[in-house]
Amino acid sequence: MNPLATTLAVRRPTDRWTTLFRHDQYAPALWALLFSEEEAVYGSRDGDERLVGFQTTVNAARKRLVARLEPLRSFEMAWRPLSLASALAICIAGIPGEWPLRFDAASAVRHQESDFGRLLTAAIGQAAAFAQRPPTTSREALSRLMAIIHGMNPETVLAAPATGQLLEGVWPADALVVEGALLGVPVECPTSHVDSMTRSRRRWQASW
């Protein structure tokens with residue numbers, strides 16, 4: 001696996017972690033919508049304490065996703081990519097609410113040279129602000145989304161559009177590329193929700 005890879009995983013009562021999504025280079029933007037800054041997890045290496053990810057419960061993540069996305073539905077340019085979060089919501093909908101949900105960035109934090117942990121914390125803070133201080137314009141909503149995207153992945157293929165420019169002008173036309181950058185690659189969705197999540201992703205791809 002790429003040393004910069006990150007995962008979104010759930011822990012079963014058997015103490016086994018099941019990977020829901022993975023990303024091969026840093027992390028996709030939509031995962032930031034599930035966590036809060038105070039849920040940071042730290043690990044020690046060579047005496048240096050570093051952020052290695054974030055952990056919450058499935059129930060807290062579900063509530064957060066709804067609260068953060070609801071104020072953004074009227075901002076068409078930002079909502080177009082953010083609406084892919086429906087696939088993420090469907091994936092975690094079938095998981096018991098008390099199960100731990102973890103965003104594991106330990107390997108990426110260890111192997112990169114810049115302060116990726118600081119960028120992650122800033123991105124997750126920006127995601128929280130969608131609910132705490134909703135944007136008032138479409139441009140502001142898009143600007144905040146871009147801050148999240150670049151914080152989660154400083155090497156993202158998704159560029160910030162210039163003032164007045166549409167996403168189509170700078171983002172890839174290939175929906176699968178954009179989906180990968182925003183959501184990551186599905187690995188093991190709860191069996192009862194696989195079909196629903198797949199349909200949601202395909203509808204989003206077709207509309208892109």
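Please refer to the structure higher up on the page.
In short, a report on the structure. Sequence order as written defines residue numbering, which begins from 1 separately in each chain. Confidence filtering applies because this is a predicted model: local features only for residues at pLDDT of at least 70, side-chain atom pairs given and counted only at 80 or more, and all residues used for totals across whole chains, interfaces and linings. Water and hydrogen atoms play no part in the side-chain values, which are based on all heavy atoms of the structure.

## Focus on the overall build of the protein
Of regular secondary structure, the protein possesses eight helices and six strands. Taken from N to C terminus, the helices and strands of the protein fall in the order β-β-β-β-α-α-α-β-α-α-α-α-β-α. As defined in this context, the radius of gyration uses C-alpha atoms, and a globule is described by 2.2 Å times the residue total to the power 0.38. Relative to a compact globule of 208 residues, whose C-alpha radius of gyration would be 17 Å, the protein shows 16 Å and is just as compact. Principal axes of the C-alpha set define a box for the protein whose edges measure 50 × 40 × 35 Å. Burial analysis of the protein (208 residues in total) assigns 49% to the buried set. The contact rule is simple, with two residues in contact once any of their heavy atoms fall within 4.5 Å. Considering only contacts in the protein between residues 6 or more positions apart, those separated by 24 or more positions represent 69%. Carbon together with sulfur atoms contributes 50% to the accessible area of the protein, which is approximately 9700 Å² in total. Positive residues here are Lys and Arg, negative ones are Asp and Glu, while His and the chain termini are left out of the count. Taken as the charge location is NZ of Lys, CZ of Arg, CG of Asp or CD of Glu. For the protein, the centre of its 22 positive side-chain charges and the centre of its 21 negative side-chain charges are spaced 5 Å apart. Numbering goes from the N terminus for both helices and strands, where a helix is a DSSP run of H or I of at least four residues and a strand is a run of E of at least two. Exposure categories follow from relative accessible area, calculated using a 1.4 Å probe and restricted to protein chains: below 20% of the type maximum is buried, above 50% is exposed, and the middle band is partly exposed. In these tables, accessible area is a Shrake-Rupley quantity obtained with a 1.4 Å probe, and a residue counts as shielded only by the protein chains included in the view.

## Things to note about the pairing of strand β5 (residues 100-104)
Relative to β5, strand β1 (residues 6-11) is paired through four bridges, and the arrangement is antiparallel. Counterpart to Leu8 in the pairing with β5 is Phe103. Pairing of strand β4 (residues 48-57) with β5 involves five bridges; the strand directions are antiparallel. Bridged to Thr56 within β5 is Leu101. For two strands to count as paired, DSSP must find a minimum of two bridges between them.

## Points about unusual backbone geometry
For Asp15, which is not glycine, the phi dihedral falls at a positive 70 degrees. Topologically, Asp15 is positioned in the loop between β1 and β2 (17-23). The phi dihedral of Tyr26 is positive, around 65 degrees, even though this residue is not glycine. In this fold, Tyr26 is placed in the loop between β2 and β3 (40-45). Tyr26 sits in the buried class, given a relative accessible area of 6%.

## A word on the packing of helix α5 (residues 116-132) against helix α6 (residues 138-152)
Angles run from 0 to 180 degrees between N-to-C directions of axes, and those axes are lines fitted to C-alpha atoms, restricted for helices to the stretch in contact. Running from N to C, α5 and α6 point in directions that differ by 150 degrees, and their axes come no closer than 7 Å. Judged by the angle between their axes, α5 and α6 are roughly antiparallel. For the pair α5 and α6, the crossing hand works out as left-handed. Residues Phe116, Leu119, Leu120, Ala123, Gln126, Ala127, Ala129 and Phe130 of α5 touch α6, and the partners they reach there are Ala141, Arg144, Leu145, Ala147, Ile148, Gly151 and Met152. Throughout this entry, Asp, Glu, Lys and Arg are counted as charged residues, while Ala, Val, Leu, Ile, Met, Phe, Trp, Tyr, Cys and Pro are counted as nonpolar. The remaining residues, Gly among them, count as polar. Looking at the contact of α5 with α6 residue by residue, the classes come out as 12 nonpolar, two polar and one charged. In these notes the angle categories are as follows: under 35 degrees is roughly parallel, over 145 is roughly antiparallel, 65 to 115 is roughly perpendicular, and the rest is oblique. Left-handed describes a crossing whose near helix is turned anticlockwise from the far helix through less than a right angle; right-handed describes the clockwise counterpart.

## Describing the nonpolar core
One finds Phe103 and Leu182 to be the most contacted residues of the largest nonpolar core, which totals 65 residues. Ranked by residue count, the leading element in this core is α6, at seven residues. Setting aside chain neighbours within four positions, we find Leu182 in contact with Pro28, Ala29, Leu30, Pro81, Leu84, Ile149, Leu158, Trp171 and Trp204. The term nonpolar core refers to a set of buried residues drawn from Ala, Val, Leu, Ile, Met, Phe, Trp, Tyr and Cys, joined through side-chain atoms within 4.5 Å.

## Quick look at the state of the cysteines
To count as a disulfide, a pair of cysteine sulfur atoms needs to be within 2.5 Å. Counted by the stated rule, this structure contains zero disulfides. Distance from the sulfur of Cys91, which forms no disulfide, to the nearest cysteine sulfur (Cys189) is 3.8 Å. For Cys91, a relative accessible area of 0% translates into the label buried.

## Let's talk about the environment of Ile148
The topology assignment puts Ile148 in helix α6. Along the primary structure Ile148 and Leu120 are separated by 28 residues, whereas in three dimensions their C-alpha atoms are 8.3 Å apart. In this structure Ile148 touches Ala29, Ala32, Ala123, Gln126, Ala127 and Phe130, once residues within four positions along its chain are discounted.

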